[in-house]
Each structure stands twice: as structure tokens, then as C-alpha cells.
Amino acid sequence: MATRGDVAATLAAPERARWRRDRLSLRKLTEALVFTVSIAAALALWELISRTGVISQKDLPAMSTSFRELWSLVQTGDFWKAFGQTVRGWALGLGVATALAVPLGILLGSSDFAARAFRVPIEFLRPIPSAALIPLLFLTLGTTIKSEIFLAAFGAFWPLLVQTMYGVRDVDPLAMDTGRSFGVGRFERLYRIKLPSAVPYIATGLRISSTVSLILAFTAELFMGIPGLGQKVNYAQAFGLEKQLYAYALATGFLGVAIHLVSAAVERRALRWHPSQRVGAA
Amino acid sequence: MASRVARGGFRLMLEVKHLGKTYGTGEKATHAVGDVSFSVEDGEFVCVVGPSGCGKTTLLKCIAGLLRPSNGGVLLRGKRVVRPPEEMALVFQEYGRSLMPWASVRNNVLLPLRHKKLPRSERKRLVEDSLDAVSLTRFIDHYPWQLSGGMQQRVAIARALAYQPTTLLMDEPFASVDAQTRGDLEDLILRVRNEYDITILFVTHDIDESVYLADRVVVLTHSPTEVKEIVPVELPRPRDQIATKELPEFAQLRAHVYRLIKREQSVGEPAEPTEAAGVPHTGTPV
Amino acid sequence: MAPLATGRGGVSRRSYQALTIVAEIAVPVALLIAWQLWTVHAASPKFPRLSTILVDFRDMWLFSQFGTHVVPSLERIGAGFGIAVVAGIALGIPLGLSRWARLAAMPHIEYWRAVPPPALLPISIVLLHSIGNVQKIAFIAFFCLFPVLLNTIDGVRGIDPTFIDTARSYGMRRFERIRRVVFPAALPQIVAGMRNSLSLAVITMVLSEYFSSTSGVGYVLLISKNTFQFAPMWAAILLIGVLGYLLNVLFILAERRVLAWHRGWRAAASV
């Protein structure tokens with residue numbers, strides 16, 4: 001099949017622009033349509049499955065019931081308090097992780113020696129599921145927001161560290177040599193050449209880390225009863241309040257989607273002006 | 001010659017009839033190929049040249065059955081081409097994106113044979129014979145990316161040969177290869193044509209190459225593409241990189257084709273200053 | 001990438017290499033020693049000595065409780081990961097090839113991949129009426145699906161069209177093409193997704209076992225905490241870390257063999 005590129009290349013400029021615009025708007029319309037229909041169909045299916053009793057309404061409240069419950073919850077101050085607590089835990093966890101991981105990552109990434117010296121500890125600590133630390137946190141920081149922030153930060157730290165290291169190391173040697181030959185000082189080379197080229201990697205790291213931070217903040221709330229959406233979910237399950245359970249799960253889902261969309265958008269912006277683009281879905 | 005009789009005695013292998021390919025509709029339409037007609041006889045070596053951007057690749061893809069033409073069609077031994085025919089093989093310019101990097105040379109050449117119902121020993125023989133024809137037997141278990149560009153293109157040719165086609169389509173196959181290797185590959189393809197007695201349709205932008213290889217050269221116009229002229233090449237065979245190119249006839253043919261193309265190129269660029277200044281087209285009639 | 005000898009302040013290349021190797025060993029060892037010393041100094045029951053932890057580690061996991069707890073956990077990871085990989089590839093290839101299917105599926109994929117797994121833990125128990133293996137494996141498989149699925153889609157979309165044209169020109173039909181061209185071409189990207197999926201499998205396994213289970217490493221973690229047995233608790237944490245590390249190493253080794261051609265090809269292309 002000929003690509004749109006082939007076709008576009010053979011048109012004169014004004015024709016090309018017009019052709020592109022028309023194709024684009026028609027395409028966007030059909031895409032939006034398919035998108036909407038798909039979601040509507042899934043929601044309808046949920047409603048059907050639950051109402052007809054394929055899965056009992058006790059186990060799976062109907063779609064309409066769940067959303068109605070969510071709607072009524074959203075109008076309570078209690079809901080937003082919990083929501084804000086989770087967001088706060090997420091943000092602080094991510095913030096602490098960033099504050100630690102980025103400088104450390106730059107340091108380790110800039111020095112070949114340091115990177116290799118610390119390779120083994122990093123490779124070992126990285127895969128540790130942060131969830132394993134929950135018992136420890138019970139014993140030390142207790143069931144306070146400090147535990148939540150620690151857990152979220154611990155989990156978010158590693159992807160960001162690794163990505164920053166990659167980013168700093170992946171500088172085009174030609175750019176560095178050019179800087180050196182023009183007598184640009186070491187520190188200036190760092191923030192004029194290395195950092196800008198590391199930004200896309202850091203942006204990818206931020207996307208991954210913001211997802212991880214939310215998961216862990218929620219986990220801390222769920223398992224340790226720290227105030228927040230996770231605690232609400234735990235409470236709802238413990239007391240057999242299915243409608244609330246699903247409503248809060250939906251709310252958490254939407255929060256997760258919102259965070260993901262924002263961090264992915266930021267990543268895309270950062271990647272756009274990088275000469276070689278590197279993307280890996282996490 | 002025996003195989004030609006065995007092939008049913010068709011004199012015309014390929015007939016391209018008023019082939020056109022247009023993208024889009026109405027006033028936004030792009031005519032990649034306008035109206036191209038020519039034919040290729042059984043066992044002929046026909047080269048296709050034209051100014052850059054004249055849709056040579058689109059034309060070849062239509063003939064190969066990879067694209068459906070908007071107008072007209074292609075007949076292969078009298079039968080209409082609607083999908084890639086069993087007896088046609090295609091060699092692409094970019095060998096690096098055509099040879100599968102996860103497979104060895106052997107398995108790459110084997111790939112097209114896998115769905116043909118042949119006994120294993122037969123397949124093995126075809127693979128080994130075709131690699132022998134391109135002198136790459138030693139590298140049968142290497143990976144394509146371990147070989148040089150010229151060698152990789154030879155693997156692609158071997159793969160096409162193992163497929164046992166009656167017709168070989170080649171899309172600027174030697175363009176990504178260095179000049180010296182190109183000469184070797186040109187001679188290789190001539191040798192292969194004789195040994196395997198196949199018909200070859202060869203697209204190129206290298207005018208010297210087209211005259212050196214061809215029995216006839218089809219010269220295309222700029223977009224919308226049509227056949228400008230078909231130039232018979234009556235140089236003696238077997239061709240030789242030095243002897244043939246020393247012949248005065250070679251120089252004349254080459255110059256003729258070159259002029260045809262230069263004229264097409266200048267016509268295809270309406271914004272050229274020479275035209276605006278009233279200077280006539282280059283090229284004196286031959 | 002080796003810097004010039006002079007760029008290192010006069011240190012020769014040989015001694016730089018030696019120094020690096022020494023550091024690679026010395027740093028982890030130093031950290032372990034520091035840990036031991038600190039725990040001895042702190043003398044707190046919550047932070048038992050490293051030596052005690054290691055003793056308990058050996059007692060528990062090698063091999064008395066290996067069968068009762070480690071094996072079920074590994075089984076769950078294995079089954080969940082396996083299902084996720086098969087489903088991810090089986091769904092990802094058609095979605096990668098068909099724009100319309102992709103458009104229809106995308107809203108759902110984008111939603112579920114962003115939901116934090118623990119949010120669905122209680123729901124998985126309620127829906128499946130159990131806290132047994134099926135619930136755990138379903139939970140693990142569900143979330144591990146997405147990295148594989150997304151990477152398969154990306155891998156398939158990123159295939160150079162010339163490979164497909166080549167296959168078509170040689171008369172390969174669709175199924176044959178998918179098997180012999182699309183799948184191998186997308187494999188490097190698929191494997192990258194599998195690696196993410198594997199570490200996610202470990203995490204979701206621990207979460208689901210810690211939340212509610214009657215066996216498994218996560219369960220031991222929970223029980224030892226609840227009964228205030230700190231050294232075994234630390235030994236369980238250590239085991240989880242070791243498991244995660246070993247699985248990762250095994251995966252990388254397997255990847256190296258399967259994708260040897262990819263490394264070679266990339267190296268040759270970059271010259």
C-alpha cells in the first residue's frame with residue numbers, strides 16, 4: 001500500500017495542505033466515534049451482565065448503580081478528603097523520589113566508575129517489590145502518612161534513577177567533544193549538553209514513576225489503613241458495602257487514568273525535540 | 001530454449017496495458033502512474049528508466065501484484081495479475097529491510113519455498129543451488145547482517161532464484177551498493193539470466209547500467225508517467241564491463257537515453273529559470 | 001567507549017579496570033558489613049542482626065518451607081505470567097495489524113492499564129468468591145497482560161513495511177506471514193514488554209498473597225509480622241528480593257539467547 005507520505009510528496013504545497021486537512025478532520029471524526037461507541041458498548045455490557053444476573057448484583061453491582069453511588073459520593077466532603085489524601089501521598093512520594101533520584105542519577109550517570117561500582121546494589125534493590133516493605137513500615141513509621149510517602153517514594157525512586165542514569169550516559173559523544181574543543185567547562189558541559197539530552201529519559205522515568213507512586217500510595221492506604229482512597233476501599237470490602245467498593249474502585253481508576261494521561265503528555269512533549277526518540281511501554 | 005517451449009511457447013511473457021495508478025479523487029488526485037504500456041518477451045532483459053519521482057517503484061509494485069492499478073492492467077502469460085503471481089519474484093533495493101535479520105542466509109532463501117509443496121530434499125537442493133549460482137555457498141549459515149551490502153543483495157537474488165520464477169522484477173537493486181560491487185552484480189545478473197533462462201524487468205536510474213544490461217530500454221516520462229520511448233539495445237552479447245562500454249554504439253545509446261531523460265526532467269520542473277528566460281530546452285535531436 | 005588514558009588524570013587503563021572490578025565487589029560487601037554493624041549497634045528486636053536474618057533465611061527457605069510457600073508463589077507467578085504473555089501476544093498481533101480493531105480496543109486498554117492493581121484486589125476476591133490459586137492467578141494475569149499487550153501492538157506497528165511486501169511478493173498468505181515475519185520482527189519489542197510484565201508479576205503476587213492467602217511468600221510475610229517474629233519477617237523480605245533478582249537474571253539470560261540476532265543486527269546497522 002502506498003503510504004500517505006508517497007501521495008503527499010507528489011502534490012504541490014497548497015494542494016497538499018488542503019488534502020491533509022480534509023483527511024485529518026474526517027479521520028478524527030471517525031476515531032472519536034469509534035472511541036465513544038466502544039466505551040458505550042462496554043458500559044452497556046456491564047449493565048446487562050449485572051442486571052440479568054449472569055453475575056449476581058451482590059458481587060457485581062450494575063453499572064448504573066455503581067456510577068450513581070459514585071455520583072452521590074462525589075458530593076460528599078468525605079470523598080474529596082480521601083481523594084485529596086491519596087493525591088497528597090502520591091505527590092509527596094513522587095516529589096521525594098524525584099528530589100533524590102535525579103541528582104543521584106546525574107551523579108552516577110556522569111561517572112563511569114561510580115556507575116559500575118554501584119551497579120550490583122542497584123540491580124539487587126531495584127526488583128524488590130516495595131510491597132514487601134509494608135511489614136517493616138508497620139513497625140517503624142507506623143500507620144501514618146509518613147509510611148505512605150516512604151513507600152511511594154521508595155518505589156518511584158528506582159525507575160527514575162535508572163532512567164536518569166541512562167539519559168545522562170546516552171549523550172551524543174560528538175556534542176560533548178564539540179563542547180570540549182570550544183573550551184566549555186566541565187560543569188557547563190553538564191548543564192548545557194548533558195542535561196538537555198537527558199530530559200526525554202527523565203520524562204519517561206517520571207511517567208513510570210508517577211504510576212508506581214500512585215500504586216504504592218494506594219497500597220499503603222489499603223493495607224495499613226492510612227486515610228485515603230485505599231482505606232475507603234478496604235473499609236467497603238470489610239463491611240460488605242459492594243456499591244461503595246465499586247464506586248471507590250472506579251474513582252481510583254479515573255485518578256490513575258488522569259495521572260497517566262498527564263505524565264504521558266509531558267513525556268511526549270519532552271520526546272518531541274529529542275533527535276533520537278526512545279520509547280518503551282511500561 | 002527447451003524450457004521456453006515447455007513453458008507453453010508464449011512469446012509475450014508480460015504485457016503492461018495502459019497501466020495507471022492514482023491516489024485520491026477529484027481535484028485532489030495524484031497520478032503516480034499515468035498511462036504506461038509496453039510488453040516483455042519471454043527471456044528478454046528489459047530495463048526501465050525515468051526521471052526521479054516518476055513513479056517507477058509504484059509501476060513495478062503494480063506489475064508485481066502488490067498494488068492494484070487504478071486503470072489498465074498487467075497480463076502475465078495471458079493471465080491477469082491480481083495478486084503476486086507464483087512465477088514472479090521481486091528483488092527490492094533495500095536488502096536490509098527485505099532480508100529477514102532473524103534468519104540465517106539458508107533460512108532466508110528457504111522462506112519463499114516453505115509454502116510450496118515440495119519435498120524437503122528438493123527444497124534443500126534449490127537453496128544450495130541458488131546460493132552456488134551467486135557464489136555464496138560458504139556463507140550459508142551466516143546471518144545477512146554479517147555480510148557486506150553486495151553479498152546481501154546476492155542473497156536476495158539467490159532467494160528469488162530458489163523460488164524458480166519465470167520472471168524476475170528488480171527495483172533499483174544495485175543502487176545501495178558501491179560502484180565496484182555494482183559491476184560484479186550486473187555481470188552476475190546477466191549470467192543468472194542465461195543460466196536460468198528467465199525474463200527480467202529491471203528498474204534503474206543508472207543510465208549506463210540500463211544500456212549495459214538491456215535488450216530494450218523503456219524510457220518513462222515525468223509524472224503523470226507514460227512511456228516516452230522504447231530504445232532497442234543491439235549490442236553484442238555476452239556483455240563485458242570494459243569491451244562493451246568501449247564500443248561507440250554504447251556511447252551513442254547511452255547519450256540518447258540520457259538526452260531523453262534530461263528533457264523529461266526539465267519539462268517536469270516548471271519553475272526552472274532557463275525556461276522563464278526563454279532559453280530553449282537542452283538536447284539536440286538525435 | 002574507553003576514554004583516553006590521559007583523560008583520567010594520569011591513571012593508566014589497566015589500573016582503572018582493576019580498580020573498577022575491586023569497587024564492584026567492595027561496594028556491596030561494604031554495604032552488607034555496614035548493615036551488620038548497624039544492627040548490632042542498634043540492638044533492636046525490630047532490626048535483628050544481619051547474621052541472625054541470614055541464619056533464619058537458610059533455615060526457612062533452604063529447604064524446609066520451600067515446598068510449602070515458595071513453590072506455590074512461584075507457581076502463581078508462572079501461571080499468571082504465562083497466561084498474560086500468551087493472551088498479550090494473541091490479542092496484540094491482530095490489534096497491531098488492524099487499525100479499526102485498535103481504535104475500538106484502545107479506550108479499554110488505556111483505562112485498565114492505568115488502574116492501580118491493588119484497587120482491584122478486593123473486587124477480585126468478591127467476584128471470584130475465593131482467595132485460592134484461581135483468584136491469585138487471575139489477578140496476576142490480568143495486570144501482567146498490559147505491558148505485553150501494549151508492547152506487542154507497538155512492535156507489530158513498527159515493522160518495516162518492506163518485510164511485509166517481501167513476504168507478500170513471495171505469495172505468503174496471511175497466517176504464514178504472521179507466523180514467519182510479523183512475529184519474529186516484533187519479538188524484540190514483545191520481549192521488552194515481557195520483562196516489565198515479569199517484575200509486575202512478582203509485585204502483584206506479593207500484594208495478593210499479603211492481602212489474603214493461606215500460603216505463599218507474601219503470606220509468610222504477613223504472618224511473621226503479625227506474630228512479631230522479626231527475623232523470619234526480614235528473611236521473607238530478603239527472599240522476595242532474591243526471587244525478584246533471580247527471575248530477572250534468568251529472564252535476561254533467556255533473552256540473550258533468543259534475541260542474539262537482534263543485537264548483532266543492531267550492531268551491524270549502527271556502523
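Residues numbered from 1 in each chain as written. Chains lettered and ligands numbered in written order. Predicted model: local features only at pLDDT ≥ 70, side-chain atom pairs only at ≥ 80, totals over all residues.

## A closer look at the overall build of chain B
No. 1: Tallying secondary structure elements over chain B gives ten helices and ten strands in all.
No. 2: Burial analysis of chain B (286 residues in total) assigns 42% to the buried set.
No. 3: Across chain B, contacts joining residues at least 24 apart in sequence account for 71% of those joining residues at least 6 apart. (Helix = DSSP H or I, 4+ residues; strand = E, 2+ residues; numbered from the N terminus. Buried ≥ 20, exposed ≤ 12 C-beta atoms within 10 Å, placed from the backbone. Contact = placed C-beta atoms within 7 Å.)

## Digging into the overall build of chain A
No. 1: Counting its regular elements, chain A contains twelve helices and zero strands.
No. 2: When the helices and strands of chain A are listed from N to C terminus, the series reads α-α-α-α-α-α-α-α-α-α-α-α.
No. 3: Looking at chain A residue by residue over its 282 residues, the buried ones come to 39%.
No. 4: Within chain A, contacts between residues at least 6 apart in sequence are counted, and of these 72% link residues at least 24 apart.

## Here we look at the sheet that holds strand β10 (residues 227-232) of chain B
Residue and element names in this part refer to chain B.
No. 1: Ordered in space as β6-β7-β8-β3-β9-β10, the six strands form an open sheet in which the pairing is mixed. Because the sheet does not close on itself, it has two edges, and the strands there are β6 (88-91) and β10. When the angles between neighbouring strand axes are averaged without regard to direction, this sheet yields 15°.
No. 2: Bridge count between strand β3 (residues 45-49) and strand β8 (residues 199-203): four bridges; the pairing is parallel. (Pairing = 2+ DSSP bridges. Axes fitted to C-alpha atoms, helices over the stretch in contact; angles between N-to-C directions.)

## Examining the sheet that holds strand β5 (residues 79-80) of chain B
Residues and elements named next belong to chain B.
No. 1: If you walk across this open sheet you meet the four strands as β2-β1-β4-β5, and the pairing is antiparallel. Two strands in the sheet have a free side with no partner beyond their single neighbour: β2 (30-41) and β5.
No. 2: Two strands pair when backbone bridges link them, and strand β1 (residues 12-23) and β2 are joined in this way by eight bridges, in the antiparallel orientation. When the bridges of β2 are listed, Leu12 appears paired with Glu41.

## Examining the interface of chain A and chain C
Many structure descriptions define interface size as the accessible area lost when the parts assemble.
No. 1: Listed per partner, the contact involves 48 residues of chain A and 45 residues of chain C.
No. 2: Listing elements by their share of the side of chain A that touches chain C, those giving two or more residues are α2 (13-51), α5 (112-117), α6 (119-125), α7 (134-139), α10 (186-224), α11 (229-238) and α12 (242-272) of chain A.
No. 3: By residue number, the principal contributor to the side of chain A that touches chain C is α12(A), which donates nine residues.
No. 4: Of the residues that constitute the side of chain A that touches chain C, the class distribution is 33 nonpolar, ten polar and five charged. (Nonpolar A, V, L, I, M, F, W, Y, C, P; charged D, E, K, R; others polar.)

## Some words on the nonpolar core
It is characteristic of soluble globular proteins that their nonpolar side chains tend to be buried jointly.
No. 1: Ranked by internal contacts, the top residues of the largest apolar core, which has 199 residues, are Phe202(B) and Val206(C).
No. 2: Of the residues forming this core, the biggest block, 16 residues, is contributed by α10(A).
No. 3: Other than its neighbours up to four places away in sequence, Phe202(B) contacts Phe45(B), Val46(B), Cys47(B), Val48(B), Met170(B) and Leu213(B). (Core = buried A, V, L, I, M, F, W, Y, C linked by C-beta atoms within 7 Å.)

## Observations concerning helix α3 (residues 63-74) of chain A
All names here are of chain A.
No. 1: Taking 1.5 Å per residue as the helical rise, α3 with its twelve residues ought to reach 16 Å, and the 16 Å between its terminal C-alpha atoms agrees with that figure.
No. 2: Listing the buried residues of α3 in full gives Met63, Ser66, Glu69 and Leu73. Down the axis of α3, the buried side of the element spans an arc of 135°, and every buried residue falls inside it. (Expected span 1.5 Å × (residues − 1). Arc of directions from axis to C-beta.)

## Digging into the packing of helix α4 (residues 120-133) of chain B against helix α5 (residues 149-162) of chain B
Residue and element names in this part refer to chain B.
No. 1: Direction vectors running N to C along α4 and α5 enclose 135°, while the axes themselves pass 8 Å from each other. Taken together, α4 and α5 sit at an angle that is classed as oblique. Crossing angle aside, the handedness with which α4 passes α5 is right-handed. Two secondary-structure elements touch here, α4 through Leu126, Val127, Ser130, Leu131 and Ala133 and α5 through Ala158, Leu161 and Ala162. (Parallel < 35°, antiparallel > 145°, perpendicular 65-115°, else oblique. Left-handed = near helix turned anticlockwise from the far one by under 90°.)

## Side note on helix α10 (residues 230-258) of chain C
No. 1: In this model α10(C) runs 42 Å from its N-terminal to its C-terminal C-alpha over 29 residues, within 8% of the 42 Å that 1.5 Å per residue would give.
No. 2: Along α10(C), the residues classified as buried are Phe230(C), Ala231(C), Pro232(C), Met233(C), Trp234(C), Ala235(C), Ala236(C), Ile237(C), Leu239(C), Ile240(C), Leu243(C) and Gly244(C).
No. 3: Check the buried side of α10(C) and you find it contacts α7 of chain A together with α2 (50-64), α8 (174-211) and α9 (217-226) of chain C.

## Section: the packing of helix α4 (residues 77-110) of chain A against α10(A)
All names here are of chain A.
No. 1: Between α4 and α10, the least distance of the axes is 8 Å, while the angle of their chain directions is 145°. For the crossing formed where α4 meets α10, the hand is right-handed. Across the interface between the two elements, Thr86, Gly89, Trp90, Gly93, Leu94, Ala97, Val102 and Ser110 from α4 touch Leu190, Ile202, Ser209, Ser210, Ser213, Leu214, Leu216, Ala217, Phe218 and Glu221 from α10.

## Describing the environment of Ile200(B)
No. 1: Among the structural elements, Ile200(B) can be located in strand β8.
No. 2: In contact with Ile200(B), other than residues within four places in its own chain, are Phe45(B), Leu168(B), Met170(B) and Arg193(B).

## Structural notes on unusual backbone geometry
Residue and element names in this part refer to chain B.
No. 1: Here the residue pair Arg237 and Pro238 is connected by a cis peptide bond, since its omega of 0° sits within 30 degrees of zero.
No. 2: Position of Pro238 among the secondary structure elements: in the loop between β10 and α8 (243-246).
No. 3: The backbone of Arg77 shows a phi angle near 50°, a positive value even though the residue is not glycine.
No. 4: Its place among the elements puts Arg77 in the loop between β4 (71-76) and β5.
No. 5: Judged by local crowding, Arg77 falls into the partly exposed class, with 18 C-beta atoms found within 10 Å.
No. 6: A positive phi is found at Asp197, a non-glycine position, where the angle reads about 55°.
No. 7: By the secondary structure assignment, Asp197 is in the loop between α6 (179-196) and β8.

## As for the pairing of β4(B)
Residues and elements named next belong to chain B.
No. 1: Inspection of the sheet shows β1 paired to β4 by five bridges, in the antiparallel sense. Among the inter-strand pairings, Glu15 is bridged to a residue of β4, identified as Leu75.
No. 2: Bridging between β4 and β5 involves two bridges; their strand directions are antiparallel. Considered in β5, the bridge of Leu76 is made with Lys79.
No. 3: Between β4 and β5, which follow one another and run antiparallel, lie two residues, and Arg77 among them has a positive phi close to 50°.

## A short note on the confidence of the model for chain B
Residue and element names in this part refer to chain B.
No. 1: Per-residue pLDDT for chain B has a mean of 85; in total, 88% of the residues score no lower than 70.
No. 2: Throughout residues 1-5 the model reports pLDDT below 50, and contacts reaching past four residues in sequence, or to other chains, amount to four contacts.
No. 3: Note on residues 269-286: pLDDT under 50 across the span, and eleven contacts to partners over four residues away in sequence or across chains.
No. 4: On the interface metric, ipTM, the complex scores 0.82, and its pTM is 0.84. (pLDDT = per-residue confidence, 0-100.)

## Quick notes on the confidence of the model for chain A
Residue and element names in this part refer to chain A.
No. 1: Per-residue confidence for chain A averages 83 on the pLDDT scale, and 89% of its residues sit at or above 70.
No. 2: Of all the helices and strands in chain A, helix α1 (residues 4-9) carries the lowest mean pLDDT, 53, while α4 carries the highest, 92.
No. 3: Low pLDDT (under 50) marks residues 277-282, which in the prediction has eleven contacts with non-local residues, meaning those over four places away or in another chain.

## Regarding the environment of Lys232(A)
All names here are of chain A.
No. 1: Among the structural elements, Lys232 can be located in helix α11.
No. 2: Spatially, the C-alpha atom of Lys232 lies 9.3 Å from that of Ala249, the residues being 17 residues apart in sequence.
No. 3: When residues no more than four places from it in sequence are discounted, the contact partners of Lys232 are Ala82 and Tyr248.

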